[in-house]
Amino acid sequence: MTVETHRLTNGLTIVSEAMPGLESSSIGVWVKAGARNEDETQNGIAHFLEHMAFKGTKTRSALEIAEVIEDVGGFINAYTSREMTAYYTRVLGADVPLALDVLADILLNSTFDPREIEIERGVILSEIGQSLDTPDDVIFDWLQGVSYPDQPMGRPILGPTDNIKRFAQNDLSGFVATHYGAENLVVSAAGMVDHAALVAQAERLFGHMPQSAAPLAAPARFVGGEIREVKPLEQAHFTLAFQAPGIRDAEVYTAQIYSMLLGGGMTSRLFQEAREKRGLCYSIYASITPGLESGMLSLYAGTSEGDIAELAEVTIDEMKRAAGTISEAELLRAQVQMKAGMLMGLESPSARAERMARAISIWGRVPPLSDAVAKIEAVSVKDLRAYASSVCESKTMAMALYGPVSNAPDIDAMRTKLRA
């Protein structure tokens, strides 16, 4: 399997990877703009725009957009993150030209019909309401907000209801004009795909787009702090966050391996100590979210009102213990888990297409998988212990709690215990 890339004169990039033996292809357009590219008055518009892309173009109604893809057995969908928006399809190889035509249509010719805006406004408000009824969603929005206060990276992707209620056609078209320029788009496909044919069609569909450099997003600054809401829920939801390396930082692999051995699976330290040995919780895990210039190490657990204080103490104790006792066996296990997860995940054309699009948006190229494997294997026990120590010495941390959490220690007590 070989990755092929081509850049049009207007800056749009096409990348593809043929996967022999497959009859289908995943193809999409990734836009290098998401929630962090909004100002406060725009918060939620990138996600609103993603919804509106399927609500009709100059040549197709909303129903026709769905029908033309489903009539050939495919599907079409989209998502919005803080740093990207993606519009993607999965079709049989013979229908790749049709899929790209539909994607170009919704990106270049959406009408943003005011009647459809009103319908979708109600859908998004319902989505926000559903999210607010889901403590797992709420707690991570809060954690993001308190980690990056008063900046785009800390705002919720769905946006506040007041913004959603007032967005109009000109707001949507204005965001597109600013952020959906050719140099901000990546067409990515994997599976049964012909690169030369893909490039030729992309040139016909997107080649006329003008170059228009989008404004750079404000750098993300991890600040930290605490937010908690005491509420009579069944579970006490507890989260911690620390600044972590960005995706371009060489230390990001060390941070990811650390998070895996700390709380990445059933053999992880937090799972074994908090759940298996003490029975303090059902769910507990750690993860790394690496942004372009700033990442976040987050820890989550759901527990009972009576156990939250002990759980918080155990979490800090395990983080401190890791700084001096991470073993070679733990490192090797985490490395194998990380490599296996990455390689298994890339057995689908959808995952391959997304990986390539993200790589182009970050580095301007697609590094070979062997590079990532080599960097994972290069991490040493010394590296991990040093990283674990740096987390314990952090001057900034964030904490979000929701539910029956009055017994939980405050962030100052947590910070003091961690640094002791």
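Everything that follows concerns the structure shown earlier in this document.
Since we're looking at a predicted model, the values are computed, not measured. (Residues numbered from 1 in each chain as written. Predicted model: local features only at pLDDT ≥ 70, side-chain atom pairs only at ≥ 80, totals over all residues. Heavy atoms only, no water.)

**Things to note about the overall build of the chain**
(1) Moving on: Scanning the chain from terminus to terminus reveals 16 helices and 11 strands.
(2) Moving on: Its C-alpha radius of gyration of 23 Å places the chain within 12% of the 22 Å reference for a compact globule of 420 residues.
(3) Moving on: Relative to its 420 residues, the chain shows a buried fraction of 53%.
(4) Moving on: Pairs at least 24 apart in sequence give 82% of the contacts found in the chain among residues at least 6 apart.
(5) Moving on: Approximately 18100 Å² of the chain is accessible, and the part contributed by carbon and sulfur atoms is 53%.
(6) Moving on: Computing the positive centroid from 37 side-chain charges and the negative centroid from 54, the chain places the two 6 Å apart. (Helix = DSSP H or I, 4+ residues; strand = E, 2+ residues; numbered from the N terminus. Rg over C-alpha atoms; globule rule 2.2 N^0.38 Å. Buried < 20%, exposed > 50% of the residue type's maximum accessible area, 1.4 Å probe, protein only. Contact = heavy atoms within 4.5 Å. Areas by Shrake-Rupley, 256 points an atom, 1.4 Å probe, with all protein chains shown as cover. Lys, Arg positive; Asp, Glu negative; His and termini not counted. Charge placed at Lys NZ, Arg CZ, Asp CG, Glu CD.)

**Some points on the nonpolar core**
(1) Moving on: Grouped together as the largest cluster of nonpolar side chains are 53 residues, with contacts concentrated most on Phe-238, Leu-240, Phe-242, Ile-257, Tyr-258, Leu-299 and Met-319.
(2) Moving on: Apart from residues lying up to four places away in sequence, Tyr-258 is in contact with Leu-297, Met-319, Ala-322, Ile-326, Leu-384, Tyr-387, Ala-388 and Val-391. (Core = buried A, V, L, I, M, F, W, Y, C linked by side-chain atoms within 4.5 Å.)

**Side note on the side chain of Thr-254**
(1) Moving on: With respect to the helices and strands, the residue Thr-254 is situated in helix 9 (residues 252–263).
(2) Moving on: The buried category is assigned to Thr-254, whose relative accessible area is 7%.
(3) Moving on: Among residues more than four places away in sequence, those in contact with Thr-254 are Val-379, Asp-383, Leu-384 and Tyr-387.

**Here we look at the packing of aromatic side chains**
(1) Moving on: Counted by the stated rule, this structure contains eight aromatic pairs.
(2) Moving on: Taking the centre distance of 5.7 Å and the plane angle of 40° together, the rings of Phe-140 and Tyr-300 count as tilted. Taken together, the residues Phe-140 in helix 5 (residues 135–147) and Tyr-300 in strand 10 (residues 295–303) connect sequence positions 160 residues apart.
(3) Moving on: What makes Phe-140 partly exposed here is its relative accessible area of 24%.
(4) Moving on: An aromatic cluster is present here, built from Phe-140, Tyr-285 and Tyr-300 joined pairwise through their rings. (Phe/Tyr/Trp six-rings, centres within 6.5 Å; stacked < 30°, edge-to-face > 60°.)

**What to know about the sheet that holds strand 1 (residues 3–7)**
As a general point, the strands of a sheet are linked pairwise by backbone hydrogen bonds and lie either parallel or antiparallel.
(1) Moving on: Within the open sheet, the six strands sit side by side as 1-2-6-3-5-4. Their pairing is mixed. Either end of the sheet is taken by a strand with one partner, and the two such strands are strand 1 and strand 4 (75–80). Each neighbouring strand pair of the sheet contributes to a mean axis angle of 15°, computed without reference to strand direction.
(2) Moving on: Bridge analysis of strand 1 against strand 2 (residues 13–18) gives five bridges, and the strand direction is antiparallel. (Pairing = 2+ DSSP bridges. Axes fitted to C-alpha atoms, helices over the stretch in contact; angles between N-to-C directions.)

**Let's talk about a negative patch on the surface**
(1) Moving on: On the surface, a cluster of negative charge is contributed by Glu-64, Glu-67, Glu-70 and Asp-71.
(2) Moving on: Along the chain, Glu-64 turns up in helix 2 (residues 62–70).
(3) Moving on: Glu-64 sits in the partly exposed class, given a relative accessible area of 38%. (Patch = residues over 30% accessible without salt bridge, like charges linked within 9 Å, V, L, I, M, F, W, Y side chains within 5 Å. Salt bridge = Lys/Arg side-chain N within 4 Å of Asp/Glu carboxyl O.)

**Topic: the pattern of salt bridges**
(1) Moving on: Taken as a whole, this structure holds 21 salt bridges when the rule is applied.
(2) Moving on: A salt bridge links Glu-226 to Arg-228; the nearest nitrogen and oxygen atoms lie 2.7 Å apart.
(3) Moving on: With relative accessibility at 27%, the residue Arg-228 sits in the partly exposed group.
(4) Moving on: The partner of Glu-276 in a salt bridge is Arg-275, with the nearest N and O atoms 3.3 Å apart.
(5) Moving on: Here Arg-275 falls in the partly exposed class, since its relative accessible area comes to 27%.
(6) Moving on: Salt bridges sharing common partners tie together Glu-273, Lys-277, Arg-278 and Glu-310.

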